[in-house]
Every structure is written in C-alpha cells, then in structure tokens.
There are 2 protein chains.
Amino acid sequence: MTATDSASQAMPLRGLLASEPQIAAAGAPMFAEAVRSQAASVTELDWRPPIDGTGPALATVMADARREAANALAFERMSTAGSELVDVRPASEMLGLTRGTFLHAGPPLTWDRASGPMRGALIGAMLFEGMADTAQEAERELASGAITLEPCHHHRGVGPMAGVVSPSMWVFELRDPTHGNTSWCSLNEGLGKVLRYGAYEQSVIDRLGWMSAVLGPALQQAVRATGPIDVKGIVAQMLQMGDEGHNRNRAGTLMWLRDVLPALTNVGIPSDQLSEVVRFIGSNDHFALNLTMPTAKLAGMAAEGIPGSTVVVTMARNGTDFGIRTAGTGDAWFTGPANTPEGLFLGSYGPEDANPDIGDSAITETAGFGGFAMATAPAIVKLVGGDVQFALAATRSMYEITTGEHPVWQVPILEFRGVPVGIDVAKVCRTGLLPQINTGMAGAQAGVGQVGAGLVNPPVECFTGAIEALAAEVG
Amino acid sequence: MTATDSASQAMPLRGLLASEPQIAAAGAPMFAEAVRSQAASVTELDWRPPIDGTGPALATVMADARREAANALAFERMSTAGSELVDVRPASEMLGLTRGTFLHAGPPLTWDRASGPMRGALIGAMLFEGMADTAQEAERELASGAITLEPCHHHRGVGPMAGVVSPSMWVFELRDPTHGNTSWCSLNEGLGKVLRYGAYEQSVIDRLGWMSAVLGPALQQAVRATGPIDVKGIVAQMLQMGDEGHNRNRAGTLMWLRDVLPALTNVGIPSDQLSEVVRFIGSNDHFALNLTMPTAKLAGMAAEGIPGSTVVVTMARNGTDFGIRTAGTGDAWFTGPANTPEGLFLGSYGPEDANPDIGDSAITETAGFGGFAMATAPAIVKLVGGDVQFALAATRSMYEITTGEHPVWQVPILEFRGVPVGIDVAKVCRTGLLPQINTGMAGAQAGVGQVGAGLVNPPVECFTGAIEALAAEVG
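So, here is what we can say about the structure in this document. (Residues numbered from 1 in each chain as written. Chains lettered and ligands numbered in written order. Predicted model: local features only at pLDDT ≥ 70, side-chain atom pairs only at ≥ 80, totals over all residues. Heavy atoms only, no water.)

**A closer look at the overall build of chain A**
- Counting its secondary structure elements, chain A contains 17 helices and 18 strands.
- With the C-alpha coordinates of chain A rotated into their principal frame, the extents come out at 90 × 50 × 45 Å.
- Here chain A holds 475 residues, and the buried ones make up 60% of them.
- Long-range contacts, defined here as pairs at least 24 residues apart, represent 72% of the contacts in chain A between residues at least 6 apart.
- Per element, the accessible surface of chain A, about 17300 Å² overall, is 52% carbon and sulfur. (Helix = DSSP H or I, 4+ residues; strand = E, 2+ residues; numbered from the N terminus. Buried < 20%, exposed > 50% of the residue type's maximum accessible area, 1.4 Å probe, protein only. Contact = heavy atoms within 4.5 Å. Areas by Shrake-Rupley, 256 points an atom, 1.4 Å probe, with all protein chains shown as cover.)

**Some words on helix H8 (residues 202-226) of chain B**
- Here H8(B) contains 25 residues, and its C-alpha end-to-end distance of 34 Å stays within 8% of the 36 Å for a straight helix at 1.5 Å per residue.
- The largest bend in H8(B) comes to about 40°, at Met211(B). (Expected span 1.5 Å × (residues − 1). Bend = angle between axes of the 7 residues up to and from the residue.)

**A word on the sheet that holds strand S9 (residues 229-230) of chain A**
Residues and elements named next belong to chain A.
- Within the open sheet, the 5 strands sit side by side as S6-S8-S7-S3-S9. Their pairing is mixed. Because the sheet does not close on itself, it has two edges, and the strands there are strand S6 (157-158) and S9.
- Across 2 bridges, the pairing between strand S3 (residues 84-90) and S9 is antiparallel. Opposite Glu84, over in S9, you have Asp230 as the bridge partner. (Pairing = 2+ DSSP bridges.)

**What about the pairing of S3(A)?**
Residues and elements named next belong to chain A.
- Of all 7 residues in S3, 5 are buried; the element is thus mostly enclosed.
- Looking at chain direction, S3 and strand S7 (residues 170-176) are connected through 6 bridges and run antiparallel. In the sheet register, Glu84 faces S7, and the bridge partner there is Arg175.

**Brief notes about the relation of the copies chain A and chain B**
- The transform that puts chain A on chain B rotates by 180° and translates by 0.0 Å along the axis, for an RMSD of 0.1 Å. Given the turn and translation reported, the copies of this chain are related as if by a two-fold rotation axis. (Least-squares fit on C-alpha atoms with pLDDT ≥ 70 in both.)

**What to know about the packing of aromatic side chains**
- Tallying each qualifying case throughout the model produces 12 aromatic pairs over all chains.
- Aromatic side chains Phe172(A) and Trp256(A) sit 5.7 Å apart centroid to centroid with 75° between the ring planes, which places their arrangement in the edge-to-face category. Of the two residues, Phe172(A) sits in strand S7 while Trp256(A) sits in helix H10 (residues 250-264), which places them 84 residues apart along the sequence.
- Taking the centre distance of 6.4 Å and the plane angle of 85° together, the rings of Phe280(A) and Phe287(A) count as edge-to-face. For the pair Phe280(A) and Phe287(A), one class covers both residues: buried.
- One aromatic cluster is present, built from ring pairs that chain together Phe172(A), Trp210(A), Trp256(A), Phe280(A) and Phe287(A).
- Over the face of the ring belonging to Trp111(B) we find Arg119(B), whose NZ or CZ atom lies 4.5 Å from the ring centre.
- We note Arg325(B) situated over the ring of Trp333(B); from NZ or CZ to the ring centre the distance is 4.5 Å. (Phe/Tyr/Trp six-rings, centres within 6.5 Å; stacked < 30°, edge-to-face > 60°. Lys NZ or Arg CZ within 6 Å of the ring centre and 35° of its normal.)

Shown next, in the form of structure tokens:
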C-alpha cells in the first residue's frame, strides 16, 4: 500500500475528481440519459426492487451455502438430459390407466373448480370412452365425483391445454438415456375444434377415434421400426428454423415426419390410410409440440430432488390455477390463480372470450425454450402479439432469472448464445421479473375451442409460496 | 420573403450560428465520431465513390427520363411473378433436348475454356447417356467439338453448380400464372460426390440412373395428382424458417415434401421404392434449391425486355465467367472472370482446392433472396463463414443497390421488411457495392465434388460492361 492510498483511506473523498469519474446509474433510465446527454459515459444497472414481502425468506435462501452448487447441479442435469422417442402406445397400456380415471393438465383440480375448457375436454373424454351418451349425462357423472381426476405430471407426463388423457388415447413414449427417465405426451389433434381446447362435438370424438384406430398403430409400427428418434436434436434444429417449440412447431413437425417416413411408408397399411396419416400430420403445424413438451419434461425430471436447489422443475396450469414445483421442495405444488393471456384473437373472438391460462405446455419455458426462446422465432409475434424487439427482449430478460445457458439449444440471432435454462425462484423474487410464457388461448365456455394466442406470466403467488417453502427447508 | 431572408441571401453566411447547427458527415466514419463525441447530433451519409471509369455512362443512364418508370415496372413484374410446380418430366420431352446437346450453367462456354468441375460434369453426362464408356473417351469426344453446349438460361431454365442437363435427366417444370412464363430446373442429387460439383464416378452415374428410373416418374405422378404447388408461398414460409433459399433449403425441402406426400404415398409404386424416394428427399436438405431457383428465374423472366430499365434479370456463372443480363439490354451477356469464393471448407480441403464461382444459383440473389436474405437465416454463417452481424449487414446493404422491397417475401428479424429486389446496375456503379452471393464451392479438379461453401461477389466487369451498353441504348 502506498502513502497516497493510505491518505485516501483516511479521507475517502480526497482525490475523487482527480481522475475521470466512473458513473453508474440504477433504476429509472432518466438518470443515465441525463449523464449521457452531457457526453459522459455511464454504466446502467438494470436494478428492480424484489417482490413485496419476500425479503426475509429471500435473505435466508440466498445465504444458504448449498444453493450455488445445488443449482449448478440442477442446470447440469437439465441441460444434459436427452430425449428419444422410443414408442407410441395406448395410455391404458403405458400408464396402466383404467376406466374411470382421467388425467389432466396442471396442478391437482376438482370438477367444481374446473374452468369451461377443462370441463369441455372431460365431457369429451366421457363421450369418447363411451361412458356417457350425451354431454348432459357426462356432466352429471363428472359432477357426482364418480370419476377420478389426476394431473398428468403425477404420472411423469404432460398434456397441452386441458391435457385430458383417457385410457383409450394413444401417447408418445420418450426416454432420457442420460438419466434413465421416461416421459410421455398425448398425440396432437390439430387446431380449432379439438378436445384439448374444450370442444367435444361429434367431429372431435370421431377424430379421436381415428387417431386411436389408425394413426396410433401406424406410428407405433413406424417408430418401432425406425428405432429411437433423437428429439433433443430436433429441438436444436427447430431453434435454428424459426420454431421456439411452444407455439411454433412447424419445422419440428416436418423434421420428425421426415425421420419416421422411410419406415412409415413401409409398414404395410393400405395406401389410402397411409395417405391420410401423412396428410393429417403434415397439415398440423403443432404435431411436434407433443414431442417438445415431454422433451422439456425429461429435462425438468432430471433436476428433481436436489436439496437446496431453487430451480423450477415444473410450471403447469389447469385453467384455474398456475402451479410450480422446484428441485429443492419435492412434490409440493406452489400455486396461484392463473392469469388470462393477452394477445391476438381468431375471427370475431375478443378478450372477454378467453379462459385463464391452461395446459402443461409451460414445461417448454421451464426447460428454456417456448417464450424463453422467442428471439429465435420472430415470426411468432404475428400469432401471439408484440413486435420483434419484444421477442428479442423477452429472451434477453430471461437470462436474468435463470441459472445457465444451454450448450446445445442455441439462438443464432444472439450469436448462437444458448437458451436461458433453469428458472431460479430466488432470482425471480429478487428481480420481480416473471417467466415469459407464450400460449394458445382456449374459449372460456366449454365446447368453444381455440379463440386466440398470446402472452402470459405466472402469478406471483407461485414464487412467493416457493421461496417461503425453500426458506423453511434451509437448515 | 422577409427582409432578413433577403439579407441572408445577399450574405449567405450571416446567421449561420444563430440557431442549432444541423451537421451531416459523409465518407470516413471518423468525421461523424468526432462530432458525436462532443455531444452534438450528426446525420451520417453512407457515401462511396462510384466504380472507376463509369462516370460518363452513369451520368447518361441516370439522366434517362425512362429509367425511373422502367425500373418501377421491372420491380412490379418481378415481385408479382408467381411460381407453381406443375409437372416433372424428362428434359428430352420438356425441352426437346436431343442426343448430342448438353445444357450448362452460366453464360455461353466452350470446352477449351471450361473449368474442372464443368468438365467433370460433362464427362459424367456422356457416361450417363451411354455416349462414352470411359472418362478418357468422353473427354476426347467433348474436346473434338462433336457435342453442342448451350446455357440453361438460353432454354428458360436453370441448373445449380455445373448445371449440366442431358436429355435423359428429369426436370421440374414451373409456371408463373401472373405473366404466363414457364421455367424448369434439374432434380437435386444431394451433397458430396455429385455430378453438379464435377464428380462422375460410378456411384454418381448410378444415382442419376435411379433418379430417372424411379424418382422422376414417382414425382411426376405425385405432382400431377396434387395439382399446381405454390412454390412462391413456400419461399415466403422458408424466409420465416431460417432458410435463405440458396444454401439453406431445409424447411423448403420439408414443406414441399409435405405438400406432395398425400399423393406420393398413393401413386401405387412398391412400398420399398416409395420408402427409398422419401428417404432420398428427406435426407437432402438442398432438394428444394431446385425449386427456389426456377422460382427466381420466373421473377427475372417477368422483367425481361423493358426499354430503359437498368434492373438485372439474370446473374449466372459457368465456373470460368460470371455473366449478367439486364431488363433494358435484351439477350446480351455482360461478363467478367468469375471470382473464387471465400468461406469454410469440408474436411482437409483448403482455399487452393476451390474452383472459381460456378452455377445458375445466383438467380436466387437476382430475385432478392439467397445472399440478399441472409439476415433471416443467421445459422448460415456456420456454413459459409462470417458472423451474425455480417448476415444482418449483408441484407441491409443490398437495399442500397436494389429497386424495391418484396411485398410477400419478408424478413421477420427486420420487422418483416421485404427482401431487397431488383439489382439496379446504375446503383451498383454509383456506390461500388457489389451484390452479395453465398454459394457452394466445387473442387477445381474434375471428379472431386464439393469442397466447401462461402461468400462471393460478381466481378466488377459485369456492371461496367452493362452500364456502357445501357448508356449506348439511351436516346
């Protein structure tokens, strides 16, 4: 230490203006602008106040000596999780699902609290399984409590929108060869009047019948003949082809179809059925959503059960509640009332027609794509609203609340930066920045179907609840 | 006019500093930086000196009263040109091509001036047509002048790389329903050891045989059963999916395959042949290049023959010469020595292995995509070199030398700005900015095949020659 240093220490302000000042500004941008307009350079800090009331729990969690290593482990497991499509099977066979039990999206739910589209999808499942002849009869049965409702997530799987799965429906089976986990997802029905958006008219039931009788068995033969299909690799390519994997899945659908096609054309089904199968898949740009979702679920599953980790492993909505689970708090759900998305509407529908946020598809954002990767899919703003600068800003802001950057899933326009992976509950609470989700919007009334697509965030209660539980779990 | 105005006129500098000065800077950026560092605002003009020696011709052309309306018409025709795939046929049938005549890429060429890959492809065509038993025999025949060589462009079509088309090869037939033109392109063989890159070993000849015996006829049946396929629309979607349509065609290939698939699976060929056809197309990410190229050619054809227009309607290379044609100068070619691309190399190949620029694929840049749309396909920099900022800058700079922005082919990341269409020879000469092309690189030796991919510009001689001819044509 020199004499000058020592003198400065004794009188800290001495010498302050002897050299060029280094200026930093935090908070409102006008402070930085005022400095910059005087031709001085300024470093801006994007500081935001923490979420109200989380201070003490946040302090406990941030001081937890385990947290850094636990979150690094969660990130490492999430980002190294693989995903291979290995089979296509009926839910009854793969999940042991029996007559009288239906699975659904999101955290646990009872009929009395179910929203319109969830009720519509459950009614449709009753009709499809032949457990009721009319919607009225189905509704009475469901209201009587005779049917068991369980979340898809409690069976290691995921379902988009209402996410209703009944025993006769077929599912994709995916495996993570790195960590040995298995997940699954239903087959995608297309857009418009479809069960997952709460529609249950005859055409919906007929389509489900064809999917179980023709589509599922054909894909089973094709997938078994092809051998494991690397869906993690397909997601990597999708992110270079304008798909963000939640509401743009066109490239993913076509790449997956390309991969099964040599076997599919050779399974020996009649050529008119084969023609109908390729037409059905090819005309449904969202077919691969039901492959990206279980891929994301496998990433989340890999990080489950890490004491001290504040990383989110599940985000899901049932149309009434939004729920999250974290790596450090086991099976506990932290829920809050689902927000209603804002966005663009189909035809003459408007905001008053939209149901609150619904579906397990927010697992894509949990794994770092979907809304977190909108920068790589700027064309999506024509579907969900916003502009291209918003899409870029959405991805950039998600680095503030996540744990790492994915080594394989990259965003070319950001010079191949990896997508932001591993939402950290502590960072969410400290910054007040909520995860950015993009989503389809279901009509609020049972039977309507899709009314639009838009943008939404989880309710803050999910994170305030989780940080309290994480704090309670410390020492 | 006030008294003050009048006084200012008499003494022009009086009052100069009475109000905030408006500062503009042209040329080297250091002028603007010096002003900006003093916290004053400055407008920068991106001025560059015109191409050496073009001054008098440029002045004549710029003063031509017809030019503005003629170029507006050329742009309107290029951007409204449609493109529908209507048939797949043998070249002998569609073009009346007879034994002893081969077509090739680029401007006219004779054997003695042909480069290695062009010679290799011509040798391969001799072997494929059974007109020679060995490469040596084929070469002797070709050198003797017994074979007629004509540019694809002289037959209203295009061929990638060497672009060699012989009578037994099959071609895509495309139609512009707006202007009634018809164009065509060969079928794409895939990558690596392929005829268009100058390879002619037995596997190359065998593949061409299978393409004529199985692939072509199957696609013919499928395309005829499907009805016209809107390739202009596919290009619009490609540009939203990370394809720029010259060296990234993966999304386009898969969308096109999706469109023919319902018919293709139902044409009644044996299922093992069908399986091989879908595997061949699905494993060749460039299959759709041979659809984007004739789509671009139809755009160029729509603008041919407009007196006074300085818009480029053809850019093409034969591996020796680069040639352009303009809307205002009829069938005349303006040529210069083809440059050698700079980029990334496959395996152990290096710059010394690369042939000069070759192929009709620069028709994509002529129509506003390919290198002109690299901003929409940032992942391409991993193939052709450069970084993402370069890709964005390349597209932005092409607006400086073009006539308009395409109403349908848009770049999402630039907030859906249309691609730059209609290269204006006058603007190229005035700014010295040359069209940006990205391209595959053929090995300089016959028989080698592809050695890499990279970036290249046309030689300046094409534009100095064209501006002189355009000037001569004025008045």
